[in-house]
Amino acid sequence: MAILVTGGAGYIGSHTCVELLENGHDVIVIDNLSNSSLDVLDRIHTLTNKKVTFYKGDLLDRTMLETIFTGHSIESVIHFAGLKAVGESVEQPNRYYYTNLMSTLHLLQVMDKYNVHKLVFSSSATVYGTGNLMPLNEEARLSAVNPYGRTKLMIEEMLADHYRSNQAWRFIVLRYFNPIGAHPSGMIGEDPAGRPNNLMPYVTQVAVGKLPELNIFGDDYSTHDGTGVRDYIHVVDLALGHIQALKKTAEPGYHTYNLGTGQGYSVLDVIHTFEEVNGNPVPYRVQGRRSGDAAVCYADVEKAKKELNWEATRGLQDMCRDAWRWQVQNPNGYQKARSFQSN
Ligand code: NAD
Ligand code: WQD
């Protein structure tokens, strides 16, 4: 029996594939490579000495999904595939709703048809509305402020409705806080296309000299140093959370869990820790606030601790060290590695 990983060539998916393989699972990946590279699969192989079965395909193509379910005995699905850029979702709402919702509907249809009812879904802390008390527990008020976030919220509701209609389903919805860092080998990591939107890849690209300076979006929040506070989680801890989530699918149900550390750090905390750990300066300039940003966001992680027997063990120093190792070893992400190989 195998685990099907949608979007398994992506940032979080690739780290999860490594942990799945190391835990003895057979892994099948479907990915259209719209935001990832085939090189990832070689890196996973080098790291684990095991291979995933790979299908280059789109979840919008139902026939492709049927081929996979016909050809393999699939036990569970971990569903990472989707579009994830907040700004882009505001500019292209139709593409975001169509891709994220239709992909998931296809997946649910085909899973049901082949009697596979265990699904772990990548949701996001972005589903928590504003005005909640910190730390955010899973019962906090939900409401998204952009199309990307609304697709996550809608998918959560779709899954809950499927469970209400058929209690054979086992859904584990994981709300990730801010995943950063990379595998400690430096072999796999986050490879954003173009200029990064998120803090850590921006920091590493400034530190390596690809970008001149970091723009800090606001230093007038009511936080300890005025900059925004987030719950950064090491991507390997996050990947391990999926292994625990899979175990939880042994029983029917619909469950949501926060995956974070429970600890908030400001933008300046991240910069200072990065500089301290890696010995590289991160020049920055303070700009105005970025629209849509919350001042503070961090998780209550008790439910995952109690019910999934999971908690993050890697700290901000590990996240900064591993993000930097990945950046230094792969200055231009997977693309550069590819052109080195062909030269
Ligand atoms: P990613 O873009 O690196 O990975 C997603 C993968 O899915 C990519 O490899 C992409 O090529 C693939 N893909 C996209 N659309 C597809 C389609 N229609 N068919 C097949 N493959 C498709 O993103 P990630 O950071 O690894 O995120 C994984 C999941 O976690 C996403 O659902 C994202 O919304 C969610 N998430 C991410 C973060 C974050 O900060 N990275 C935070 C919360 C939630
Ligand atoms: C972190 C902090 C910024 C960049 C986003 C998505 C969310 C989820 C995770 C998918 C904030 C500040 C950032 C920069 C900065 N993704 N910052 N300069 O906004 O918490 O969450 O990624 O589900 O949906 O919105 O993460 O890394 O962009 O920002 O000062 O160049 O860093 O203002 O305080 P965010 P982020």
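All figures in this text were calculated on a predicted structure; none of them were measured in a lab.

**Student:** Can you help me understand the overall build of the protein in this one?
**Tutor:** Scanning the protein from terminus to terminus reveals twelve helices and 14 strands. Computed over its C-alpha atoms, the radius of gyration of the protein comes to 19 Å, within 12% of the 20 Å expected for a compact globule of 343 residues. The burial tally for the protein puts 53% of its 343 residues in the buried class. The long-range share in the protein, meaning contacts at least 24 apart out of those at least 6 apart in sequence, stands at 79%. On the protein, roughly 14800 Å² of surface is accessible, and the fraction owed to carbon and sulfur atoms is 47%. Charge centroids of the protein, computed over 31 positive and 37 negative side chains, lie 3 Å from each other.

**Student:** Looking at this structure, I do not really get the sheet that holds strand β14 (residues 296–297). What am I missing?
**Tutor:** What holds strands together in a sheet is hydrogen bonding between their backbones, with the strands either parallel or antiparallel. Strands sit in the order β12-β9-β14 across an open sheet of three strands; the sheet is mixed. Two strands in the sheet have a free side with no partner beyond their single neighbour: β12 (265–266) and β14. Inspection of the sheet shows strand β9 (residues 229–230) paired to β12 by two bridges, in the antiparallel sense. Bridged to Val 229 within β12 is Ser 266.

**Student:** Explain the nonpolar core here, please?
**Tutor:** General note: in soluble globular proteins, nonpolar side chains tend to be found buried as a group. Among the nonpolar cores identified, the biggest contains 36 residues, and Val 5, Leu 20, Val 27, Ile 44, Val 52 and Leu 174 are the most heavily contacted of them. Elements supplying a minimum of two residues to this core: β1 (2–6), α1 (11–22), β2 (26–31), α2 (39–48), β6 (170–176), α8 (235–248), β11 (253–259) and α10 (302–308).

**Student:** Which parts of the structure should I look at to understand the layout of surface pockets?
**Tutor:** By volume, the second largest pocket is sized at about 210 Å³. Residue lining of the second largest pocket: 19 residues in total, with Glu 190, Pro 192, Gln 205, Trp 326 and Gln 327 positioned closest to the centre. Of all the secondary-structure elements, those providing two or more residues to the lining of the second largest pocket are α7 (199–207) and α11 (316–329). In terms of residues, the lining of the second largest pocket owes the most to one element, α7, which gives four residues. Of the residues that constitute the lining of the second largest pocket, the class distribution is eight nonpolar, eight polar and three charged.

**Student:** Where do I start with helix α6 (residues 147–165) in this structure?
**Tutor:** Since there are 3.6 residues in each turn of an α-helix, residues three or four apart along the chain are aligned in direction. For α6, spanning 19 residues, the distance from its first C-alpha to its last is 27 Å, which sits close to the expected 27 Å at 1.5 Å a residue. Contact partners of the buried residues in α6: α4 (86–91), α5 (93–113), β5 (118–124), β6 and β11.

**Student:** Which parts of the structure should I look at to understand the site of ligand 1?
**Tutor:** By nearness alone, 27 residues border ligand 1, and Asp 31, Asn 35, Ser 36, Lys 84 and Tyr 148 come closest of all. Between ligand 1 and Ile 12, the relevant distance is 2.8 Å, taken from an oxygen atom to a main-chain nitrogen or oxygen of the residue. Asn 32 is positioned such that a nitrogen or oxygen atom in its backbone is 3.1 Å from a nitrogen atom of ligand 1. Expressed as a share of its isolated accessible area of 820 Å², the protein-covered part of ligand 1 is 94%. For the shell around ligand 1, the elements supplying multiple residues, two or more each, are α1, α5, β5 and α6. In terms of residues, the shell around ligand 1 owes the most to one element, β5, which gives three residues. Looking at side-chain class alone, the shell around ligand 1 contains ten nonpolar, 13 polar and four charged residues.

**Student:** What exactly am I supposed to notice about helix α9 (residues 267–278) here?
**Tutor:** The terminal C-alpha atoms of α9, which comprises twelve residues, lie 16 Å apart, in line with the 16 Å expected from a rise of 1.5 Å per residue. Along α9, the residues that are buried comprise Val 267, Leu 268, Asp 269, Val 270, Ile 271, Thr 273, Phe 274 and Asn 278. Two residues or fewer past α9, Gly 279 is found with a positive phi of approximately 70 degrees.

Procedures and definitions
Residues numbered from 1 in each chain as written. Chains lettered and ligands numbered in written order. Predicted model: local features only at pLDDT ≥ 70, side-chain atom pairs only at ≥ 80, totals over all residues. Heavy atoms only, no water. Helix = DSSP H or I, 4+ residues; strand = E, 2+ residues; numbered from the N terminus. Rg over C-alpha atoms; globule rule 2.2 N^0.38 Å. Buried < 20%, exposed > 50% of the residue type's maximum accessible area, 1.4 Å probe, protein only. Contact = heavy atoms within 4.5 Å. Areas by Shrake-Rupley, 256 points an atom, 1.4 Å probe, with all protein chains shown as cover. Lys, Arg positive; Asp, Glu negative; His and termini not counted. Charge placed at Lys NZ, Arg CZ, Asp CG, Glu CD. Pairing = 2+ DSSP bridges. Core = buried A, V, L, I, M, F, W, Y, C linked by side-chain atoms within 4.5 Å. 1 Å grid on protein atoms, 1.4 Å probe; cavity = no way out; pocket = protein on both sides within 12 Å on 5 of 7 lines; lining within 4 Å. Points joined across faces, edges and corners; volume = space filled by probe spheres on them. Nonpolar A, V, L, I, M, F, W, Y, C, P; charged D, E, K, R; others polar. Expected span 1.5 Å × (residues − 1). Near = heavy atom within 4 Å. Polar contact = N/O pair within 3.5 Å; in protein donor to acceptor, adjacent residues only side chain to side chain.

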